[in-house]
Amino acid sequence: MSLRFYADDSARRTRQLVADALLALWCLLAVWAGVIVHGRVLVAEDGATKLETGSGSLAQNMTDAASAVAKIPFVGQEVRTPFDNAATTGRNLSASGHDLADGLGRLSLTLGILTALVPILFALIPWCFTRLRYALRAGRVARLRAMPGGERLLALEGLTTLRPGVLATVDPDPAAAWQEGDRAVTREIAALVLGAFGLRGQAARAVAPSNAEAPDDDSGDERDGLGEHLGEDPVGADQPSEPVGEDDSSSDSRRD
């Protein structure tokens, strides 16, 4: 299986190259948009990370303060309780900030991928359908063109793929003309098939049959014409013959 992504015709090849370049540019813009969205969400993740760090520091400071207050005689244990509660609240905030940062990190990655992937797929799927379909069919036509008898093979391809209205412009009965070996109709249908894919160049000539009839030998006619021109009778022509003994009998009658 051979693929042919670009046509031979310069105008059509230019359009194909421009379409491919626009697709590449579209994909780059989609990736750039995905990176922007990912960065915007990461800003919120940074805030959650700061919340986690600050809450952890607060919890540690409250724990240290509670330990220091606990050393006060008589009232230390009673005064320590609020500091312990503040430390617990700080640890809870730190855990919440950690979970929020993880969630925002995953969300930023997901949103970035979706922002880039959806436009790319939106453009890439039709491109693949049209360009790969063209590459497959153009490659097949190019193989037929390069084969011996490619002109007739291309015409047969045209009889099965071209619209009836297009074929009717070539001949009222193109199938019969192709079957009878009409060279003009065959060549025109083959040209239509090549033109439909922007391919140029003539198809390979059909292989001459080995049992082709030799040209008529006109040497005998030439010789006959030459003899006629010189006043000679054609070779092998029937000549009138004299009756045997006619002169002898007439001579005897005169002597008598």
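What counts and how
Residues numbered from 1 in each chain as written. Predicted model: local features only at pLDDT ≥ 70, side-chain atom pairs only at ≥ 80, totals over all residues. Heavy atoms only, no water. Helix = DSSP H or I, 4+ residues; strand = E, 2+ residues; numbered from the N terminus. Buried < 20%, exposed > 50% of the residue type's maximum accessible area, 1.4 Å probe, protein only. Contact = heavy atoms within 4.5 Å. Areas by Shrake-Rupley, 256 points an atom, 1.4 Å probe, with all protein chains shown as cover. Phe/Tyr/Trp six-rings, centres within 6.5 Å; stacked < 30°, edge-to-face > 60°.

1. What to know about the overall build of the chain
On a plain count of helices and strands, the chain comes out with 8 helices and 0 strands. Listing the helices and strands of the chain from first to last along the sequence gives α-α-α-α-α-α-α-α. In the chain, which comprises 256 residues, the proportion classed as buried is 25%. For the chain, contacts bridging at least 24 residues in sequence account for 75% of all contacts bridging at least 6. Summing over all exposed atoms, the chain offers an accessible surface of approximately 17700 Å²; the carbon and sulfur share of this is 61%.

2. Re the packing of aromatic side chains
As enumerated under the stated definition, the model contains 1 aromatic pair in all. Ring centres of Tyr134 and Phe197 lie 6.1 Å apart, and the angle between their planes is 45 degrees; this geometry places the pair in the tilted category. Of the two residues, Tyr134 sits in helix 2 (residues 76-146) while Phe197 sits in the loop between helix 6 (183-196) and helix 7 (219-229), which places them 63 residues apart along the sequence. Judged by relative accessible area, Tyr134 falls into the buried class, the value being 9%.

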